[in-house]
Amino acid sequence: MENQNAFITAKTFFTILLLTLSLLPGRSQEWQQQVDYVIDVSLDTAKKTLSGELTMTYHNNSPEALSEIKLHLWNNAYKDKGSFFDRQNLASNDSKFYWADEEKMGGYQEIAFTQNGDELAWTHPKNNIEYVSVVLPTPLSSGSSTNIDISFTSKIPYIFSRGGWAPHFFALTQWFPKAAVYDQEGWHLFPYLEMGEYFSEFGDYKVSIEVPKSYKIGATGVKTDSSVVDTSHVRHTFIAENVLDFAWFAGDDMISVHKSITLDNGHPVDLHYYAPKNYILNDVKVADSLVPQIEGVVNNNLSPIEMLERSLRFYSQEVAPYPYPQVSVVVGPLNTGSGMEYPMITLIGPTPNPMSLDRVIAHEVGHNWFQGILGFNERKSPYLDEGINSFYENKYMDQHYGIESRNFQFMYARTDLDFNQLLYLGSYQRGDLVPVNTHTHDMDLMQYYFNGYMIPPTLFQKLEEVTGPAQFKQNIIDFYQNHRFSHPTIDDLRRVFVKNDPEQRDFSWFFDDILTTMKPYDVAITEVKPDGDMYRVTVENRGSIPAPVTLKAYDGAKVMATRTTKDFKGTTTVSFPMDDYDYFAVDHRLVIDQTPHNNKYEFIPVRKQKFLNPVAGLNNPGINKIWFDPYISYNYIDGATFGLGLHNITLPGNNFEFYVQPGFGVGSNEIVGLAGMDYFLPKNNSAMRYINFGWSAKRYSYQANEEAGYHLNYFRINPHFKIAFQTSDKFNPWYKTLKISAPIVNQQTPAFNDMGEFDQKENFWRVYPRAHFQLRKYSPVNNVEVNLKAEFLSYDGFQNSAEQYLKTSVELKTDYAYAPEQRVYARFYLGGFPVNSARNIGSVANYLVPGTLGISSQSYHDYAFDGYFFDRSEQSSGILKRQIRMEDGGFKNYLGSSYAMVTGNSNSFLGAINLSLDLPVIGKKFPLKPYVDLGIYDDATPSGTGSTFLYSGGIQLGRDKWPVAIYLPLFGSEEIMNIHKEQGNLWKRLSFRMSLENFGVSEKLRDTPLSQIGIFQ
């Protein structure tokens, strides 16, 4: 610390220079703060703590005086289980930090702020322990600087994210109290997040670090000194100038490789590679078979440090020469993504694939330009650093490995879409997308991936095509030169493109539309005609963005000719000289194009995709496909049913979808089956996700009397209208839907003559208007589902009496994880009839008294034929008739329709609680669990008992979220157990649930968050 003042004084010239540069024209902000740090810390590897002192020199280049300075204490994100870091992870289906024990948590244990020996007052703004506001005794005037001394002891967390400890390894990232950015918008305070990076002031660092002698250390900056502290510890000192951050990594089981190179501009750079000794790719260069050699492409048989050199030279040639004296790669534990960048150094998670290692090194090295030197606000605009950098990463990979063909096939239906296009178009159909320039805090995991890494690289590729590669490169160089070591925005980038454009275009199609709206983009090659010695290529813009396009003529993979149009809507024609081309292409691999299949015209068409395909598969939007599949089902009356179905339900989804599954019932000699049509209207970036309307229908037999000679069937058609709403809080997302439906049911019933003999079938038609509002929250710790339902029916009852009811219910289904993958499940239900003209009638649960609430929902309660029952009429003697549904009271007991007037039914009110528990230890692997049901109902029939309490419990085989489960009741209320005793032995109590009505594939594909199906885990 004795050289501290000299170090600070020596930087005065740089401060003045930086201030002068910040005042040059063309910058988005006329001034920029600077914060310098002198830090001295000691790492205790046993206690996993970091202790030390730092002096922060804050240079106020703003035009106003500052009465306080605000800082981030990001390590405190690991101190509280309710931190934004933890909340965001849980919202993304990630519970790794939630289950952390005390040993693995982190946070500041001690911290103090002083100035000239006097303690400074400080508070936590917004009641967030990750923020600190330090009150200055005297306001810091414009153009002045001040020193603040900070002493701290910090507990290092386990590596749950980017920094922390792992066996034999420490990653110190976001590890010291760090000043927040202050600019024309004020102070930028934001919490540490897994999904969301940084925005920092530039400054100079002198950092001294005491570590055990056995530890190798890599860090931001240049090592200027190493001294022995004692027999077991050494102190390393690093200096880094004009950087946004300082990170360091240390391990005692590491190798280190060093190489010095000189860039084309004569600038020397030291390269460092650190990795665990047993990392499989340390000696990748000698393993020729590990790296495929591609004809016509440079040799990729490189060691990791040679990959680092190649990446550094690539960016230095494409953007600007690397300005710093060293660059390091550290391979080590990382629990977010595949790599994480810091000035002059990056941490990369181990990968067993050399090509992947090369890609990650290139990407992370590139961040030195795009965020490290061009200091974007990553939290506000992740597409600027991640998007532009991923664009260059793709150029690097294409240059050295060739362009990958990423088409793939699922089952019998192939698609020309690559994985990113498939994800984008599927998510577009779901209504999940938001504009590229959306703030990180307003995006979920999927949206962040799309708008940071997936969509922007293809957008900048298009921008390069229409600008021209040479002009695009010059624009990026000018942008870099004008804004290096500052905080540029997208407006600064736009100004460069507009200023440099020889055609004086304003690029509004890119900056105002593609980046900031969800207007559909769709371009197609519609016609190619020979015309003398030219080809006339007609291109149609079917989207809503007037934009230019670049057409390319290919011979194999080689581009033979290129033409770029002006901004247009409708159609335009482009001419190419006649030649031996293989195909024309426009916006090739552009993720946002709505129908990519028509972006290519092939002179010798490849195998066309079939219209009719077996079973299921993937699709290209704009290409009509239908799938056929065998239809096989069974119920007791129809017997085995065989048929052939057709559908167009696929990935990505279609706006219009249908299915028809007819079959012949061998037992009933009836035509039965299913059908349905739906239209989905995605509403990306609005209060709604999508609007859906359509209908579903089914027809099955449900009762038979062979002796009397009749089979009865039902027909049900259910028109519906649904709105799925967007989530508003990405840290605590609630998924909301509203569905209006009106099942129309035709039920055949037997009519008998005066002799009691079957005479004819009568048809009862009823319409059940319904409303269903649902809220869902997904979490690996606590899932919640709330269902609010209402149903009205006006019908003819006994002796054609006019009856009506209004039934309402509220259902809460939730679970709580008491240990990883072990939960307590609970369901709460309240249902009743605000209006019911048959409330006190002496009958329940039949077609003349519909709507009855049941303590155990069985086939005879399914008056609107919502469910699928194997034996709806309870005519079989085995387990088939003992099917239940998780509706109404949710009891697991099969009581039977013969007891409908005895136990558990109400035309007035019913309430229930259903509980189950994953057993400790065995519950993770084997789905055997205890359950208990509690309920109360109002028997309002003339001879009824009024309010009655019931309970039951037993053993369940199957998870609560599974569509199938088996139940064995073992105890219960006297009323219930008496019924079971009459039914016979213990095994005749067995009941089962098979919720086939919840298999709506298309609806589930749209409503289930992608985080819940593990795409990004």
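As the structure is a prediction and not an experimental result, all values here were calculated from the model.

## What about the pattern of salt bridges?
- Within this structure, the stated rule accounts for 46 salt bridges.
- Note that Glu-464 is salt-bridged to Lys-395, the shortest N-O span being 2.9 Å. Placement of the pair is Glu-464 in helix α8 (residues 445-467) and Lys-395 in helix α6 (residues 382-401), with a sequence separation of 69 residues.
- With a relative accessible area of 13%, Glu-464 lands in the buried category.
- One salt bridge in this structure joins Asp-862 and Arg-872, with 3.0 Å as the shortest N-O distance. With Asp-862 in the loop between β47 (853-854) and β48 (883-884) and Arg-872 in the loop between β47 and β48, this residue pair connects regions lying 10 residues apart in the sequence.
- For Arg-872, a relative accessible area of 10% gives the class buried.
- Several salt bridges converge on common partners, so that one network encompasses Arg-430, Asp-432, Arg-689, Lys-722, Lys-739, Glu-1003 and Asp-1007.

## Re the nonpolar core
- Ranked by size, the top nonpolar core spans 152 residues in total, and within it Phe-246 and Trp-248 carry the most contacts.
- Ignoring sequence-local partners within four residues, the contact set of Trp-248 consists of Val-41, Leu-43, Leu-50, Phe-170, Ala-171, Leu-172, Trp-175, Ile-209, Val-211, Ile-217, Gly-218 and Ala-219.

## Looking at the packing of aromatic side chains
- Tallied over the entire structure, the rule returns 74 aromatic pairs.
- Look at Phe-238 and Phe-246: their rings are 6.4 Å apart centre to centre, the planes differ by 65°, and that puts the pair in the edge-to-face class. The exposure classification of Phe-238 matches that of Phe-246, with both residues buried.
- One Lys or Arg, Lys-698, reaches over the ring of Tyr-868 and ends 3.9 Å from the middle of that ring.

## Here's the deal with empty space enclosed by the protein
- Inspection of every chain in the model, using the stated rule, returns 9 cavities of 30 Å³ or more.
- By volume, the largest cavity amounts to about 250 Å³.
- Lining the largest cavity are 23 residues, with Asp-444, Leu-445, Met-446, Tyr-735 and Pro-1009 positioned closest to its centre.
- Of all the elements in the fold, those that place two or more residues in the lining of the largest cavity are α3 (84-91) and α8.
- Among the elements that line the lining of the largest cavity, the one with the most residues is α8, at 3 residues.
- When the residues that make up the lining of the largest cavity are grouped by side-chain class, the tally is 11 nonpolar, 7 polar and 5 charged.

## A closer look at helix α9 (residues 469-483)
- Its 15 residues give α9 an end-to-end C-alpha distance of 21 Å, which sits within 8% of 21 Å, the value for a rise of 1.5 Å per residue.
- Along its buried surface, α9 packs onto α6, α8 and α10 (490-500).
- Residue Phe-485 follows α9 closely and has a positive phi angle near 60°.

## Let's talk about the sheet that holds strand β27 (residues 534-541)
- In space, the 3 strands of this open sheet follow the order β26-β27-β30, with antiparallel pairing throughout. Single-partner strands in this sheet number two, and they are β26 (523-531) and β30 (570-577). Strand after strand, the sheet turns through a mean of 20° between neighbouring axes, direction not considered.
- With 8 bridges joining them, β27 and β30 adopt antiparallel strand pairing. Residue pairing for β30: Arg-536 is matched across the bridge by Ser-575.

## A short note on the packing of helix α4 (residues 304-318) against helix α5 (residues 354-366)
- The contact between α4 and α5 brings their axes to 9 Å, and the two run at 45°. Classified by the angle their axes make, α4 and α5 are oblique. Both α4 and α5 take part in a crossing whose hand is right-handed. Judged by residue contacts, Pro-304, Met-307, Leu-308, Arg-310, Ser-311, Leu-312 and Tyr-315 of α4 engage Pro-354, Leu-357, Asp-358, Ile-361, Ala-362, His-363, Val-365 and Gly-366 from α5.
- In terms of residue class, the contact of α4 with α5 is built from 10 nonpolar, 3 polar and 2 charged.

## As for the UniProt feature "active site" (unreviewed entry) in the protein chain
- Using the residue numbers shown here, the UniProt feature "active site" (unreviewed entry) corresponds to Glu-364 and Tyr-453. Separation in sequence by 90 residues is not matched in space for these annotated residues, since their most distant C-alpha atoms are only 12.9 Å apart.
- Ignoring sequence-local partners within four residues, the contact set of Glu-364 consists of Gly-339, Met-340, Glu-341, Thr-346 and Ile-348.
- Mapping Tyr-453 onto the fold places it in helix α8.
- When neighbours within four sequence positions are excluded, Tyr-453 is seen to be in contact with Glu-197, His-363, Glu-386, Ser-390 and Tyr-448.
- Within polar-contact distance, the side chain of Tyr-453 engages the side chain of Glu-386 at 3.2 Å.

## What to know about the sheet that holds strand β7 (residues 131-140)
- The strand order β6-β7-β3-β11 describes an open sheet built from 4 strands, whose pairing is antiparallel. One side of each edge strand has no neighbouring strand; the edge strands of this open sheet are β6 (122-123) and β11 (178-179).
- Strand direction decides the pairing type here: strand β3 (residues 66-72) and β11, joined by 2 bridges, are antiparallel. The partner of Leu-71 across the bridge, within β11, is Ala-179.

## Details of α3
- Here α3 lies mainly inside the structure; 6 of its 8 residues are buried.
- Asn-93 sits one or two positions beyond α3 and adopts a positive phi of about 70°.

## Quick look at the environment of Pro-750
- Positionally, Pro-750 belongs in strand β41 (residues 744-752).
- A C-alpha to C-alpha distance of 9.8 Å links Pro-750 and Ala-704, two positions 46 residues apart in sequence.
- With near-sequence residues (within four places) excluded, Pro-750 lies in contact with Tyr-710, Leu-712, Phe-758 and Gln-760.

## Brief notes about a nonpolar patch on the surface
- On the surface, a nonpolar cluster with roughly 1,100 Å² of combined accessible area is contributed by Leu-788, Val-810, Leu-830, Phe-909, Ile-936, Phe-949, Tyr-951, Ile-955, Leu-970, Phe-971, Leu-986 and Trp-987.
- Residue assignment for the nonpolar patch shows that the elements contributing at least two residues are β52 (946-957) and β53 (964-972).
- For the nonpolar patch, the leading source of residues is β52, giving 3 residues.
- With respect to the element layout, Val-810 can be found in strand β45 (residues 802-819).

## Structural notes on the packing of α4 against α6
- At a minimum axis separation of 11 Å, α4 and α6 run at an interaxial angle of 115°. Our pair here, α4 against α6, has a crossing hand that is right-handed. Seen from α4, the contacting residues are Met-307, Arg-310, Ser-311, Phe-314, Tyr-315 and Glu-318; seen from α6, they are Asn-389, Tyr-392, Glu-393, Lys-395, Tyr-396, Gln-399, His-400 and Tyr-401.
- Its residues placed into classes, the contact of α4 with α6 shows 6 nonpolar, 4 polar and 4 charged.

## Structural notes on the pairing of strand β51 (residues 928-939)
- Across 8 bridges, strand β50 (residues 909-917) lies against β51 in antiparallel orientation. Note that in β51 the partner of Ile-913 across the bridge is Leu-934.
- Bridge analysis of β51 against β52 gives 12 bridges, and the strand direction is antiparallel. Following the sheet pairing, Pro-930 is matched in β52 by Ile-955.
- Linking β51 back to β52 in an antiparallel pair, the connection comprises 6 residues.

## Things to note about the environment of Ser-316
- Within the secondary structure layout, Ser-316 lies in helix α4.
- Classification of Ser-316 by relative accessible area gives buried; the value is 12%.
- Sequence-wise, Ser-316 and Trp-369 are 53 residues apart; in three dimensions their C-alpha atoms are separated by 9.1 Å.
- Discounting chain neighbours no more than four positions away, the residues touching Ser-316 are Leu-263, Pro-321, Tyr-322 and Trp-369.
- In this structure the side chain of Ser-316 is engaged in a polar contact, spanning 2.8 Å, whose partner is the backbone oxygen of Leu-312.

Rules and cut-offs
- Residues numbered from 1 in each chain as written.
- Predicted model: local features only at pLDDT ≥ 70, side-chain atom pairs only at ≥ 80, totals over all residues.
- Heavy atoms only, no water.
- Salt bridge = Lys/Arg side-chain N within 4 Å of Asp/Glu carboxyl O.
- Helix = DSSP H or I, 4+ residues; strand = E, 2+ residues; numbered from the N terminus.
- Buried < 20%, exposed > 50% of the residue type's maximum accessible area, 1.4 Å probe, protein only.
- Core = buried A, V, L, I, M, F, W, Y, C linked by side-chain atoms within 4.5 Å.
- Contact = heavy atoms within 4.5 Å.
- Phe/Tyr/Trp six-rings, centres within 6.5 Å; stacked < 30°, edge-to-face > 60°.
- Lys NZ or Arg CZ within 6 Å of the ring centre and 35° of its normal.
- 1 Å grid on protein atoms, 1.4 Å probe; cavity = no way out; pocket = protein on both sides within 12 Å on 5 of 7 lines; lining within 4 Å.
- Points joined across faces, edges and corners; volume = space filled by probe spheres on them.
- Nonpolar A, V, L, I, M, F, W, Y, C, P; charged D, E, K, R; others polar.
- Expected span 1.5 Å × (residues − 1).
- Pairing = 2+ DSSP bridges.
- Axes fitted to C-alpha atoms, helices over the stretch in contact; angles between N-to-C directions.
- Parallel < 35°, antiparallel > 145°, perpendicular 65-115°, else oblique.
- Left-handed = near helix turned anticlockwise from the far one by under 90°.
- UniProt positions renumbered as here; feature names shortened; annotations may be inferred.
- Polar contact = N/O pair within 3.5 Å; in protein donor to acceptor, adjacent residues only side chain to side chain.
- Patch = residues over 30% accessible without salt bridge, like charges linked within 9 Å, V, L, I, M, F, W, Y side chains within 5 Å.
- Areas by Shrake-Rupley, 256 points an atom, 1.4 Å probe, with all protein chains shown as cover.

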